[in-house]
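Spelled out from the first residue to the last, the chains are:
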Amino acid sequence: CLSDLSTTMPQCLAYGCKICRDSLPPGVSFHRFPRDAQLCTRWTVNCRTDVGNIAKFVKEEVSSKKARHFLCSLHFEESQFELNYMHELLPDELKPRRPVRRLLKDAVPTLFSFSTSNPRTSSVRRLRRKQQ
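The rules behind each value
- Residues numbered from 1 in each chain as written.
- Predicted model: local features only at pLDDT ≥ 70, side-chain atom pairs only at ≥ 80, totals over all residues.
- Heavy atoms only, no water.
- Helix = DSSP H or I, 4+ residues; strand = E, 2+ residues; numbered from the N terminus.
- Buried < 20%, exposed > 50% of the residue type's maximum accessible area, 1.4 Å probe, protein only.
- Polar contact = N/O pair within 3.5 Å; in protein donor to acceptor, adjacent residues only side chain to side chain.
- Salt bridge = Lys/Arg side-chain N within 4 Å of Asp/Glu carboxyl O.

Take the environment of valine 62 next. Within the fold, valine 62 resides in helix α3 (residues 54-63). Residue valine 62 is classed as partly exposed on the basis of its relative accessible area, which comes to 22%.

Glancing now at helix α2 (residues 37-47). Taken residue by residue, α2 has Leu39, Cys40, Trp43, Thr44, Val45 and Cys47 as its buried positions. Two or three places before glutamine 38, at the start of α2, stands the capping residue aspartate 36, its side-chain oxygen 3.3 Å from that residue's backbone nitrogen. Two residues or fewer after α2 comes arginine 48, characterised by a positive phi angle close to 60 degrees.

Attention shifts here to unusual backbone geometry. The phi angle at arginine 48 is positive, at roughly 60 degrees, despite the residue not being glycine. The residue arginine 48 is located in the loop between α2 and α3 in this model. Since its relative accessible area comes to 12%, arginine 48 is described here as buried.

Before going further, it helps to spend a moment on the pattern of salt bridges. Applying the stated criterion across every chain yields a total of three salt bridges. Ionic pairing is found between glutamate 60 and arginine 68, a salt bridge with its closest N-O pair at 3.7 Å. When the shortest N-O distance is used, the salt bridge between glutamate 78 and arginine 101 registers 2.6 Å. Taken as a pair, glutamate 78 in the loop between β2 (70-72) and α4 (85-89) and arginine 101 in the loop between α4 and α5 (122-131) lie far apart in primary sequence, 23 residues in all. It is possible to trace a salt-bridge network through shared partners that takes in Glu60, Glu61 and Arg68.

What follows is the structure in structure tokens.
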């Protein structure tokens, strides 16, 4: 249940992803859902987690001041991140242990490990029917 997720240690919202914020592997970062409603909807549909009513989920996510749900960087192609020249130019001894990785403003998650033959979640099917 999603209400449980928002009160515990943040976990990646992508269906089947087990990455938790308290035990991030090296090089993996967390990114909050965007505040743009259309982009937030695309993220929600792409991650395939059944959030119930997608429109309600997106409205709550976009209007929330505090980040509630996240996707980990494993679901974004490298081209979806801003280049960080400062990190590249610093000598190793001055580099932060975990460099800040920022997504491009219009970044969309596309890398997921679930099979394309998996059935879509009920909330995604409802959204597809509503758009037709």
